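Listed below are the residues making up each chain.
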Amino acid sequence: MVFEAPERLVRALAEARADTTRDTGPDGAWLDALPRLLDRAVAGAGLTVERVPVPGGRSGLVVLVGRSDGTSAALKLAPPGAHPEQERAALEHWGGLGAVRVLPGAPVVGGMLLERLQPDVSVRSLPEAKAMLEAAGVLRRLWVEPPVDHGFGTVAEVTGRQAAVLKSAADPEVAEVVTAALDARDALVAVPADERLLHGTFRQSKVLAGERTPWLAVGPEPLVGDPAYDLARLVRDRVEDLVATSSGAGVARRRVRRLAESLEVDPERVRGWALFRAVESAVRSRGLGRPGDAELLLEYATWL
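Residues numbered from 1 in each chain as written. Predicted model: local features only at pLDDT ≥ 70, side-chain atom pairs only at ≥ 80, totals over all residues. Heavy atoms only, no water.

Caption draft 1: How the structure looks around the packing of aromatic side chains. Using the criterion set out here, one finds three aromatic pairs in the structure. Ring plane angle 85 degrees and centroid distance 5.5 Å describe the contact between Tyr 229 and Trp 273, whose orientation is recorded as edge-to-face. Linking Tyr 229 in helix H7 (residues 227-234) with Trp 273 in helix H10 (residues 267-287), this pair joins segments that are 44 residues apart in sequence. Measuring from ring centre to ring centre gives 6.1 Å for Trp 273 and Phe 276, while their planes differ by 80 degrees; the resulting arrangement is edge-to-face. Taken together, the residues span about one helical turn, with Trp 273 and Phe 276 both in helix H10 at a distance of three residues. (Phe/Tyr/Trp six-rings, centres within 6.5 Å; stacked < 30°, edge-to-face > 60°. Helix = DSSP H or I, 4+ residues; strand = E, 2+ residues; numbered from the N terminus.)

As structure tokens, then:
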């Protein structure tokens, strides 16, 4: 099969290897082996390749396929550094409630067959207010008790590693907002909330249109911990639009409050995690040579 990995995936894996807050594994070698892995997965499961959605995902390759029984599915292949076994465990625990359903069969290590959704239609295609409402409804279904003896990381562990990197960011230009983010994280961890299984990287583009239910989450990086953490990325969706308007700061604060209240989460915890995650992403963006993204995120963080 003639195959070339989507450019978005190639760039994302290169950035992941440069990210000091994650144990990303040998993603470069995995990318080189991807055409062979795809051939093996397709042949082993009796699949017919239809197309590779573009621009596609950042954590793995998704291929739309047909199964031997005539039904449609999506084949996902992910590198070891993306911890595909944890993604599968979370999706299986949710059992299709609020998230894409795992279909029987594991074509290759790191591979999953998933129910077919509409990869080109996410809630981001809806008007802003409607998109947030639908996304929040999906998130409510995902926040369940984690499995007994789960192997997922925790919010405290992941943000602890990120905090250590932030503390080493000696740039005086961002020192004040970094200190505020670290203080917010310390206060949140000191008073833990009820623990739930979290999506981990939830935002509008992670919610796709389905057939058995209108909207389903995809691509989790599951964690266990404070539900407010899961809202922290969602509340800054379309940040470029917020920053471009004179009322952006007020809109951002109202969004935090309304989403928190709609899901019965403490707004101050959402605000604190939103601050920490925005600053962490901004500092990481600076390190990866994306100053424009960093500037947007830092401005957003000052509103919180």
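What follows continues from the structure just given.
Caption draft 2: Highlighting the packing of helix H5 (residues 155-167) against H10. Taken N-terminus to C-terminus, the directions of H5 and H10 make an angle of 50 degrees; their axes are 11 Å apart at the nearest point. By the angle between their directions, the pair H5 and H10 is classed as oblique. Where H5 crosses over H10, the handedness of that crossing is left-handed. Of H10, the residues touching H5 (which contributes Val 155, Thr 159, Gln 162, Ala 163 and Leu 166) are Trp 273, Phe 276, Val 279, Glu 280 and Val 283. In the contact of H5 with H10, the residues fall into seven nonpolar, two polar and one charged. (Axes fitted to C-alpha atoms, helices over the stretch in contact; angles between N-to-C directions. Parallel < 35°, antiparallel > 145°, perpendicular 65-115°, else oblique. Left-handed = near helix turned anticlockwise from the far one by under 90°. Contact = heavy atoms within 4.5 Å. Nonpolar A, V, L, I, M, F, W, Y, C, P; charged D, E, K, R; others polar.)

Caption draft 3: Examining the nonpolar core more closely. Counting residues in hydrophobic clusters, the biggest one holds 76 residues, and the most contacted among them are Phe 202, Leu 231, Val 279 and Tyr 300. For this core, the leading source of residues is H10, giving nine residues. In this structure Leu 231 touches Leu 139, Trp 143, Leu 259, Ala 260, Leu 263, Val 265 and Val 270, once residues within four positions along its chain are discounted. If you look at the next biggest cluster of nonpolar residues, it comprises 21 residues, including Phe 3, Ala 5, Val 42 and Val 108. (Core = buried A, V, L, I, M, F, W, Y, C linked by side-chain atoms within 4.5 Å. Buried < 20%, exposed > 50% of the residue type's maximum accessible area, 1.4 Å probe, protein only.)

Caption draft 4: Highlighting the pattern of salt bridges. With the rule as written, the count across this model stands at 19 salt bridges. Residue Glu 128 pairs with Arg 255 through a salt bridge whose shortest N-O separation is 2.6 Å. Of this pair, Glu 128 sits in helix H4 (residues 128-142) while Arg 255 sits in helix H9 (residues 248-262), and the two are 127 residues apart along the sequence. A relative accessible area of 9% places Arg 255 in the buried class. (Salt bridge = Lys/Arg side-chain N within 4 Å of Asp/Glu carboxyl O.)

From the geometry alone we can't say anything about function, so treat these as descriptive.
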